[in-house]
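Reading the structure
In case you want the letters, here they are:
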Amino acid sequence: MMFLRNAWYVGALSKDIDRSLFATRMLKEDIVLYRKEDGSVAALEDSCPHRRLPLSKGRLLGDQVECGYHGLTFDCSGACTVAPGLKQIPKSAVVRSYPCVERYGMVWVWMGDPELADESSLIQIDEWDNPEWGVNSGDAMELECNYLYVTDNLLDPSHVSWVHQTSFGNSDIIGLPLKVDVKDDGVTVSRWSTNVEVAPFYKQFVKFDGKCDRKQHYEVRFPSLAVIKAIFLPAGSQTENPSEYHKDVFLMDSYNLLTPIDENRTRYFWFQLRNFSPDDQKVSEVFNHDVRFAFMEDKAILEEVHANLKEKPAALDLPLDSGPMRFRRRMAQLIEAEQTEKTAETA
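Residues numbered from 1 in each chain as written. Predicted model: local features only at pLDDT ≥ 70, side-chain atom pairs only at ≥ 80, totals over all residues. Heavy atoms only, no water.

**Thoughts on the nonpolar core**
Counted only if it meets this: Side-chain atoms within 4.5 Å are what join buried Ala, Val, Leu, Ile, Met, Phe, Trp, Tyr and Cys residues into a set we call a nonpolar core. Each residue's exposure class comes from its accessible area (1.4 Å probe, protein chains only) as a fraction of the maximum for that residue type: buried when under 20%, exposed when over 50%, partly exposed otherwise. Here, residues are in contact when the closest pair of their heavy atoms is within 4.5 Å.
In this structure, Tyr-202, Phe-232, Phe-250 and Tyr-268 are the most contacted members of the largest nonpolar core, which totals 58 residues. Excluding its chain neighbours within four sequence positions, the residues that come into contact with Tyr-268 are Asp-139, Ala-140, Met-141, Leu-143, Val-150, Leu-154, Asn-256, Leu-257, Leu-258 and Phe-295. With 25 residues, the next largest nonpolar core counts Trp-108, Ile-123, Ile-125 and Leu-225 among its residues.

Listed below in structure tokens is the structure:
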């Protein structure tokens, strides 16, 4: 299986990268991350070209990495600077270097042509620095499933009524129609539920009593970044215009960042922003606990789906599959176009 490579993927949480060698695997490529002496992050191919010992098994010397087998040493550009016992460094003594940048508490790695790496193409989150919004700092977990099953899930608002009955879902929203929007940068599936009960997770935070008008906004941008927006208004005050929101509106934006490890595994990063309690650590702790619990429910489902679809393909599609299917078709087109262009460049 091929992946879209000219894109930013999360390689690690910023807090996990220090002056040690951090090994990870992304898009079937082994990478070593480390923090340089100036505080920025470097990313190199995690494989010495001599005998393929992972460089992460070696030593960090200043801003350079020394292989733990025979001492070949590589700088941040991937060039070999030291080859013990040799008068001249071999031309093939080189490893790949990856552009990387830190933003939103995460290290992003550009997996494609380094000349195309553009920081401005990273998602822009205006609320990140808004003092009126709280930030639930990021977390991560691994799933034993292909990343496209996760994007399927993140374009499916209907699943919450069954998978997340004690948190994000309830029976009031079962069967309500879905709106699908396809744009150049991704696919969005959304719906309004009017005069319904507030789902359990949100009930502990909303500032109004009684039933609500609720919007589920599930947006997945190519190749694998999802923005899930939860909007809760007092019943009867539904509006698409944010400037007209009721003063007690509840807003939560959940950012879900998927990094394929290989065809069968996905690393799932996330963080949330909320329009209330910006400095309340107890609220953040509740978010951390309850969101991770809900994502563990997704993990259990998706790992079973992946394992069973490998053995026996699905026998039908449902109307709720429209968003995921459109996303998959466009992803296949983008990957094919990228591969065609790469082949033409090397011909």
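This is not the end of the story, as more comes after the structure.
**A look at the pattern of salt bridges**
In plain terms, the rule: Between Lys or Arg on one side and Asp or Glu on the other, a salt bridge is scored when a side-chain nitrogen of the former is within 4 Å of a carboxyl oxygen of the latter.
The tally for this structure, following the rule as stated, stands at 20 salt bridges. Close ionic contact of Asp-30 with Arg-25 constitutes a salt bridge, the shortest N to O distance being 3.1 Å. For Arg-25, a relative accessible area of 24% puts it in the partly exposed group. With a closest N to O distance of 2.7 Å, Lys-299 and Glu-303 form a salt bridge.

**Section: the sheet that holds strand β10 (residues 106–110)**
Sheet strands line up and pair through hydrogen bonds in the backbone, either parallel or antiparallel. Keep this limit in mind: Any two strands between which DSSP finds at least two bridges are classified as paired. Secondary structure elements follow DSSP: runs of H or I no shorter than four residues count as helices, runs of E no shorter than two count as strands, and numbering proceeds from the N terminus. To define axes, lines are fitted to C-alpha atoms, for helices over the stretch in contact only, and angles between the resulting N-to-C directions are given on a 0 to 180 degree scale.
Across the sheet, which stays open at both edges, the three strands sit in the order β1-β10-β9 with antiparallel pairing between neighbours. Each edge of the sheet is formed by a strand with only one pairing partner; in this case those strands are β1 (8–13) and β9 (100–103). Recorded for the sheet is a direction-independent mean angle of 35 degrees between the axes of neighbouring strands.

**Notes on the environment of Ser-77**
Let me state the cut-off plainly: In protein, a polar contact requires one atom able to donate a hydrogen and another able to accept it; more generally it is a pair of N or O atoms within 3.5 Å, and residues adjacent in sequence count only if both atoms are side-chain atoms.
Structurally, the position occupied by Ser-77 is in the loop between β7 (73–74) and β8 (80–82). Residues Ser-77 and Glu-336 lie 259 residues apart in sequence; the distance between their C-alpha atoms is 29 Å. The residues touching Ser-77, leaving out its near neighbours within four places in the chain, are Leu-44, Val-95 and Ser-97. Of the polar contacts made by the side chain of Ser-77, one reaches the side chain of Asp-75; its length is 2.6 Å. Polar side-chain contacts of Ser-77 include one of 3.4 Å to the backbone nitrogen of Ala-79.

**Looking at the packing of helix α1 (residues 147–154) against helix α5 (residues 322–346)**
In plain terms, the rule: What sets the label is the angle itself: under 35 degrees gives roughly parallel, over 145 gives roughly antiparallel, 65 to 115 gives roughly perpendicular, and the rest give oblique. Throughout, a crossing is termed right-handed when the near helix is turned clockwise from the far one, and left-handed when it is turned anticlockwise from it by less than a right angle. Each residue gets one of three labels, nonpolar for Ala, Val, Leu, Ile, Met, Phe, Trp, Tyr, Cys and Pro, charged for Asp, Glu, Lys and Arg, and polar for the others, Gly among them.
At their nearest, the axes of α1 and α5 sit 9 Å apart, and the two run at 140 degrees to each other. The angle between α1 and α5 places the two elements in the oblique class. By crossing handedness, the relation of α1 to α5 is classed as right-handed. Contact residues: Tyr-147, Leu-148, Tyr-149, Thr-151 and Asp-152 in α1; Pro-324, Phe-327, Arg-328, Met-331 and Ile-335 in α5. Partitioned by chemical class, the residues of the contact of α1 with α5 number seven nonpolar, one polar and two charged.

**Section: the sheet that holds strand β2 (residues 22–26)**
A sheet is described by the order of its strands in space; here three strands give the open sequence β2-β3-β4, paired in antiparallel fashion. Where the open sheet ends on each side, the last strands, each with one partner, are β2 and β4 (41–45). Each strand of the sheet is rotated relative to its neighbour by a mean of 30 degrees, with strand direction disregarded. Sheet topology note: the β2/strand β3 (residues 29–35) ladder contains five bridges and is antiparallel. If you follow Arg-25 over to β3, its bridge partner there is Asp-30.

**With respect to the side chain of Ser-190**
Topologically, Ser-190 is positioned in strand β13 (residues 186–196). Residue Ser-190 is classed as buried on the basis of its relative accessible area of 6%. Those residues in contact with Ser-190, other than ones at most four positions away along the chain, are Pro-177, Leu-178, Lys-179, Lys-215, Gln-216 and His-217.

**Some details on α1**
Counting buried positions along α1 yields eight of eight residues, so the element is predominantly enclosed. Among all positions of α1, only Tyr-147, Leu-148, Tyr-149, Val-150, Thr-151, Asp-152, Asn-153 and Leu-154 are buried. For α1, the side-chain oxygen to backbone nitrogen distance between the N-cap and Leu-148 is 2.8 Å, and the N-cap itself is Asn-146.

Note that every value here comes from positions in space, so none of it alone points to a role or purpose.
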